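Here are the chains, one letter per residue:
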Amino acid sequence: MIYEPLTMNNTTTPKVAIIMGSKSDLNVMQDAADVLAELSVEYEITVVSAHRTPDRMFSYARAAADRGIKVIIAGAGGAAHLPGMVASLTHLPVIGVPVKSSNSIDGWDSILSILQMPNGIPVATVALNAAKNAGILAAQILSTGDEYLVKNLIDFKENLKKKVEESAREMEGEE
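It should be emphasised that the depicted structure is a prediction, and the values quoted were computed from it without experimental measurement.

Rules behind the numbers
- Residues numbered from 1 in each chain as written.
- Predicted model: local features only at pLDDT ≥ 70, side-chain atom pairs only at ≥ 80, totals over all residues.
- Heavy atoms only, no water.
- Helix = DSSP H or I, 4+ residues; strand = E, 2+ residues; numbered from the N terminus.
- Rg over C-alpha atoms; globule rule 2.2 N^0.38 Å.
- Buried < 20%, exposed > 50% of the residue type's maximum accessible area, 1.4 Å probe, protein only.
- Contact = heavy atoms within 4.5 Å.
- Areas by Shrake-Rupley, 256 points an atom, 1.4 Å probe, with all protein chains shown as cover.
- Lys, Arg positive; Asp, Glu negative; His and termini not counted.
- Charge placed at Lys NZ, Arg CZ, Asp CG, Glu CD.
- Core = buried A, V, L, I, M, F, W, Y, C linked by side-chain atoms within 4.5 Å.
- Salt bridge = Lys/Arg side-chain N within 4 Å of Asp/Glu carboxyl O.
- Phe/Tyr/Trp six-rings, centres within 6.5 Å; stacked < 30°, edge-to-face > 60°.
- Lys NZ or Arg CZ within 6 Å of the ring centre and 35° of its normal.
- Polar contact = N/O pair within 3.5 Å; in protein donor to acceptor, adjacent residues only side chain to side chain.
- 1 Å grid on protein atoms, 1.4 Å probe; cavity = no way out; pocket = protein on both sides within 12 Å on 5 of 7 lines; lining within 4 Å.
- Points joined across faces, edges and corners; volume = space filled by probe spheres on them.
- Nonpolar A, V, L, I, M, F, W, Y, C, P; charged D, E, K, R; others polar.

Novice: Describe the overall build of the protein, listing the residues and the values that go with them.
Specialist: Helices and strands together make up the secondary structure of the protein, namely six helices and six strands. Put simply, the protein runs from its N terminus to its C terminus through helices and strands in the order β-β-α-β-α-β-α-β-α-β-α-α. Taken over C-alpha atoms, the radius of gyration comes to 17 Å for the protein, in line with the 16 Å a tight globule of 175 residues would show. Counting the 175 residues in the protein, one finds 45% classified as buried. Considering only residue pairs separated by 6 or more positions, the protein has 70% of its internal contacts joining residues 24 or more positions apart. Taken as a whole, the protein presents about 9500 Å² of accessible surface, with 53% of it coming from carbon and sulfur. Separation between the mean location of the 15 positive side-chain charges and that of the 21 negative ones in the protein comes to 5 Å.

Novice: Report on the nonpolar core, specifying residues and quantitative values.
Specialist: In this structure, Val16, Ile18, Met29, Ile73 and Val97 are the most contacted members of the largest nonpolar core, which totals 29 residues. Those elements giving two or more residues to this core turn out to be strand 2 (16–20), helix 1 (26–38), strand 3 (43–47), strand 4 (71–77), strand 5 (94–99), helix 5 (131–143) and helix 6 (147–171). Excluding anything up to four places from it in sequence, Ile73 contacts Val16, Ala17, Ile18, Ile19, Met29, Ala32, Leu36, Ile95, Val97, Ala134, Gly135 and Ala138. By size, the runner-up hydrophobic cluster in this structure holds 21 residues, among which are Ala50, Val86, Ile114 and Val123.

Novice: I'd like to hear about the pattern of salt bridges, residue by residue, with values.
Specialist: The tally for this structure, following the rule as stated, stands at three salt bridges. Residues Glu44 and Arg67 are paired through a salt bridge, measuring 2.7 Å at the closest nitrogen-oxygen approach. One end of the pair, Glu44, is in strand 3; the other, Arg67, is in the loop between helix 2 (54–64) and strand 4, and 23 residues separate them in sequence. Here Arg67 falls in the buried class, since its relative accessible area comes to 18%. Here Lys100 and Asp106 are joined by a salt bridge, their closest N and O atoms 3.0 Å apart.

Novice: Break down the packing of aromatic side chains for me, citing the residues and quoting the values.
Specialist: Counting across every chain of the model gives zero aromatic pairs. One residue, Arg67, lies across the ring of Tyr60, its end atom 5.2 Å from the ring centre.

Novice: So what's going on with the environment of Thr46? Which residues, and what values?
Specialist: On the secondary structure map, Thr46 appears in strand 3. C-alpha separation for the pair Thr46 and Gly21, spaced 25 residues apart in sequence, amounts to 9.0 Å. In terms of polar contacts, Thr46 uses its side chain to reach the side chain of Arg56, at 2.9 Å.

Novice: Now, about the layout of surface pockets: what can you tell me, with residues and values included?
Specialist: Each pocket or cavity is described by its volume, and for the largest pocket that value is around 320 Å³. Surrounding the largest pocket, 20 residues form its lining, Ser22, Asp25, Arg52, Gly77 and Gly78 being those nearest its centre. Among the residues forming the lining of the largest pocket, the class breakdown is six nonpolar, 11 polar and three charged.

Right, here's the structure in full:
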């Protein structure tokens, strides 16, 4: 193998791959890792650049399913070719995270590069810098065959509801 992904732990095979075009994207992509860990979904995380390491990208994408990966989350800024190129190389679902980078056109270049895929090469696209939503979506995809994960997702969303209700009570002075 030409890559050594970091896994959540070394006890089980990761189900989700989180990849990004540059280590500078980690500040955004860490949100996907955090929510997957919260939901008890095994993941791996690494850098795979479509432009600077195309051979690595090809081998990574082509080997992912054989290694047990079920969903790939790919974050990229600027031209943002990584999600689409990976989707062209695998049958696995790919979730694209547009990242607002330092050389970005306010993030629009990344959004449109990931969103405007040709027919036959779909990439599910979340909002700019919304890696947390990508992690949740990956978990929802996996939950179609995992009742334990269904329970974790229900609990997660119930906690979101409780936080909003608590905020409303605080704002309304009903502590």
